[in-house]
Structure formats: structure tokens, C-alpha cells
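Here's the letter readout for the chains.
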Amino acid sequence: MNSMNWDDLKYFLAVCRAGSIRAAAKDLDVNHATVSRRVNSFESALNQRLFERTPTGYVRTKAAEEIFLEASHLEERLNSVERKVAAKDKTLKGEIRVTLADVIAQCLLMEEFAAFSQMYPEINIEVIDSARSFNLINREADVAIRICNKPPEHLVGRKLADVHRACYISKELADKLDDQDWLSKQNWIGWSDKMRRPIGKIAQDYPKFESKHSIVSAVLQAQACRDGMGISVLPCFMGDIDPELVRIPPYTTEHKFDMWILSHPDLRKNAKIQTFVRFITEKVFARKTLIEGEMFDMQL
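Residues numbered from 1 in each chain as written. Predicted model: local features only at pLDDT ≥ 70, side-chain atom pairs only at ≥ 80, totals over all residues. Heavy atoms only, no water.

1. Digging into the overall build of the chain
On a plain count of helices and strands, the chain comes out with 12 helices and 11 strands. Across the 300 residues of the chain, 46% fall into the buried class. In the chain, the share of contacts with a sequence separation of at least 24, taken over all contacts with a separation of at least 6, comes to 73%. Of the roughly 16100 Å² of accessible surface on the chain, a fraction of 51% belongs to carbon and sulfur atoms. (Helix = DSSP H or I, 4+ residues; strand = E, 2+ residues; numbered from the N terminus. Buried < 20%, exposed > 50% of the residue type's maximum accessible area, 1.4 Å probe, protein only. Contact = heavy atoms within 4.5 Å. Areas by Shrake-Rupley, 256 points an atom, 1.4 Å probe, with all protein chains shown as cover.)

This is how it looks when you write it as C-alpha cells:
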């Protein structure tokens, strides 16, 4: 048996959870060739075949199932030790890993991250812009800013705001909005095949629009809307500050999700993380009128 590199465990676990080399590479933010090489190295060290390579992905062998359970427990213990060490850190320097959706970063918080980094120059911020729920127990991230209705019970944090959304169209078409016949012939920009049109209060107030196109990304939805592809349902913190978009009558807003800032309870006493959490919380509270759709009412 070759000597085992315990760092290979991380790659083995990622493939087990993701089901393929490419998906694991995306989760780990590395090249897929790196994941493949590390998995092969792990198999060689154990002299065991751990995955059956199939056209649809990597399927665990019986040996892999047994190793996965033990490796998962080991990973939990190692992460627990790491969190407890991190909890004792009283310095305002080092790295903070923050995960959030790209639309929140781009439209709401990047300028606040910049302000924080200027105030605390010895703290490095790693921004992980992803809608995936990164595992804070395994320290894939230190702080999560999530749009959801109910955060995981094993995390601590607070609700920052009600996230409202509204309907927007290209500002170039604003002079036609008083024409009800023209407006009724416009279309929603759908998100996906299963989510082609809104439901709830927005759907009730805008019953006549058909759905066309399919764009999952809110950032790309907004661009399609600017370019005249149709009406987009966007977070108010995105649409109300965009000079190329306008809301359509009757200007309905809908509370769809909440915004939370979360971290692991073991990090309650970590100085730099708690300083960051307090800073971002204060900044978001200052912008609640925008997030909750009230900025538009103030402008009327």
C-alpha cells in the first residue's frame, strides 16, 4: 500500500457528495483534472477501486461507502477542532470567507465589503458568489448571507430584512405604460421550465401576461429586461436602483423571502468574524427601505 495523503480525503468526499468529477471541482473551485488526479491517488494509496466510472457520473463502490462514513466522521471532528481554534482568535487580521448570491454582492454589498476592507486592512475577504448553500459546519465559509425563509437551525444569526420584489420593464418603454392595450400584450421573462411565471400577489395583480424565454440568473434577467425582452420580476434592491429599469403599474411589491446573516455558533467569539457581522448588519439595516421596496414609494 502506498503512503496515504490525508488531504486526498477532501477530494474523495467531494466526489462522493457531488456524484461527478466536474461537479466536485466546481464545489471545490479547482480544476477538474486536479480532482481526478487526487481521487486516483487516493485509490492507489488504498489499493481499492472507490468509484465505478459511468456515463452519468461516479458511483461509489462498497469499499467507498464504508470509507465515506468513516471519512465523514473524521472530517466533522477535524472541522470541530478547527472551529474551536478559530473561536479563540481575538485578532482583527486574517481571512474571512463570505458566501452570498452574486446579485446581493453586485447590487447591495460589494461597496460595503470595500468599506470594511479599508477600515480593517489586515483582514482579507474571500467572496464566494454562489447560490449554493455552502457548509458552515465544514468551514466552506465563515459567514453566509442568504435569502431564505428559514435558516438552518445549527447556525446562528439574525434576520436583516424582508426581501421584496416587483415587476420591471426597460425604461425606454416607459412612455407606453399608460396604454393598457399595449401593456397587456407584454410578456414575463421566465426563470426555468418549471418556473415560467410568478405566483401569489404579483400573479394576481398582473394576470394577462404570457411567459416567454427562460433565464435563471437574476443578473442576466435584468440585462434581458433592459434590452426589451420583456417584464422581469426582480428584487427591489436591484430594480429600484437601476437607471435603465422602471416598475410597471400598479407597482405591486411582494415579500417573497427574508435576508439573513449567519455563522456557526462556535465562532461567536471570533473577533474578526463578529466585527464583520456587526458591520454588515448595520449597513444592511441602513438600506432596509430599498430592500423592502419602500424606496420607490418615497420617490412618488
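Still more to cover.
2. Notes on the pattern of salt bridges
The full count for this structure, using the stated rule, is 14 salt bridges. Two residues, arginine 60 and glutamate 65, come together in a salt bridge whose shortest N-O distance is 3.2 Å. Look at arginine 60 and you get partly exposed, because its relative accessible area is 26%. Judged by relative accessible area, which is 37%, glutamate 65 ranks as partly exposed. A salt bridge links arginine 97 to aspartate 142; the nearest nitrogen and oxygen atoms lie 3.6 Å apart. On the criterion of sequence distance, the pair formed by arginine 97 in strand S3 (residues 94-100) and aspartate 142 in the loop between strand S4 (123-129) and strand S5 (143-148) is long-range, its members being 45 residues apart. Across this residue pair, the class does not change: arginine 97 and aspartate 142 are buried. The network of salt bridges with shared partners includes Lys159, Asp162 and Asp258. (Salt bridge = Lys/Arg side-chain N within 4 Å of Asp/Glu carboxyl O.)

3. Section: the packing of helix H5 (residues 102-119) against helix H10 (residues 271-285)
Between H5 and H10, whose axes approach to 11 Å, the crossing angle comes to 135°. Overall, the two elements H5 and H10 adopt an arrangement that is oblique. When you trace H5 past H10, the crossing you get is right-handed. In contact with Leu109, Glu112, Phe113, Ala115, Phe116 and Met119 of H5, H10 contributes Lys272, Thr275, Phe276, Phe279, Ile280, Lys283 and Val284. Grouping the constituent residues of the contact of H5 with H10 by class yields 9 nonpolar, 1 polar and 3 charged. (Axes fitted to C-alpha atoms, helices over the stretch in contact; angles between N-to-C directions. Parallel < 35°, antiparallel > 145°, perpendicular 65-115°, else oblique. Left-handed = near helix turned anticlockwise from the far one by under 90°. Nonpolar A, V, L, I, M, F, W, Y, C, P; charged D, E, K, R; others polar.)

4. Section: the pairing of strand S2 (residues 57-60)
The sheet contact formed by strand S1 (residues 51-54) and S2 spans 4 bridges and is antiparallel. The residue of S2 that forms the bridge with phenylalanine 51 is arginine 60. (Pairing = 2+ DSSP bridges.)

5. Focus: the pairing of S3
Of all 7 residues making up S3, 5 are buried, and the element is well covered by its neighbours. Note that the unit made of S3, H5 and S4 has a crossover that is right-handed. Summarising the sheet, S3 and S5 pair through 3 bridges and their orientation is parallel. Within S5, the residue paired with threonine 99 across the bridge is alanine 144. (Right-handed = clockwise from strand over helix to strand, strands pointing away.)

6. Thoughts on the side chain of serine 232
Secondary-structure assignment places serine 232 in strand S9 (residues 232-235). Not counting residues within four places of it along the chain, the set of residues in contact with serine 232 comprises Ala166, Cys167, Tyr168, Ile189, Gln221 and Cys225.

7. Some details on unusual backbone geometry
Proline 250 follows proline 249 through a cis peptide bond whose omega is 10°. For proline 250, the location among the structural elements is in the loop between strand S10 (245-247) and strand S11 (253-263). Even without being a glycine, histidine 213 presents a positive backbone phi close to 70°. Looking at the element boundaries, histidine 213 is found in the loop between strand S8 (210-212) and helix H8 (218-226).

8. Focus: helix H2 (residues 21-28)
All buried positions along H2 are accounted for by Ile21, Ala24 and Ala25. Looking down the long axis of H2, one finds its buried residues gathered within 100° of arc, a one-sided arrangement. Along H2, the residues that are exposed and aim more than 90 degrees away from the buried face are Arg22 and Lys26. In this structure serine 20 caps H2, since a side-chain oxygen of it lies 3.1 Å from the backbone nitrogen of alanine 23. Once H2 ends, the next one or two residues include aspartate 29, with phi positive near 60°. (Arc of directions from axis to C-beta. Polar contact = N/O pair within 3.5 Å; in protein donor to acceptor, adjacent residues only side chain to side chain.)

9. As for helix H3 (residues 32-46)
Residues spaced three or four apart along an α-helix point in a common direction, a consequence of the helix completing one turn every 3.6 residues. With 15 residues, H3 ought to run about 21 Å at 1.5 Å a step, and its terminal C-alpha atoms sit 21 Å apart, in line with that. For H3, the set of buried residues is Thr34, Val35, Arg38, Val39, Phe42, Glu43, Ala45 and Leu46. Within H3, the buried residues cover an arc of 165° as seen down the axis, which keeps them to one side. A side-chain oxygen of the first residue of H3 lies 2.7 Å from the backbone nitrogen of alanine 33; this N-cap is asparagine 31. With its phi angle positive at about 55°, asparagine 47 sits one or two positions after the end of H3. (Expected span 1.5 Å × (residues − 1).)

10. Topic: the packing of helix H1 (residues 8-18) against H2
One can describe the packing of H1 onto H2 by two numbers: an axis separation of 8 Å at closest approach and a directional angle of 120°. The two elements H1 and H2 meet at a crossing, and its hand is right-handed. Contact with H1, carried on its side by Lys10, Tyr11, Ala14, Val15 and Ala18, involves Ile21, Ala23, Ala24, Asp27 and Leu28 of H2 and no other residues of that element. Of the residues in the contact of H1 with H2, the class split is 8 nonpolar, no polar and 2 charged.

By themselves, these observations are geometric and do not establish any function.
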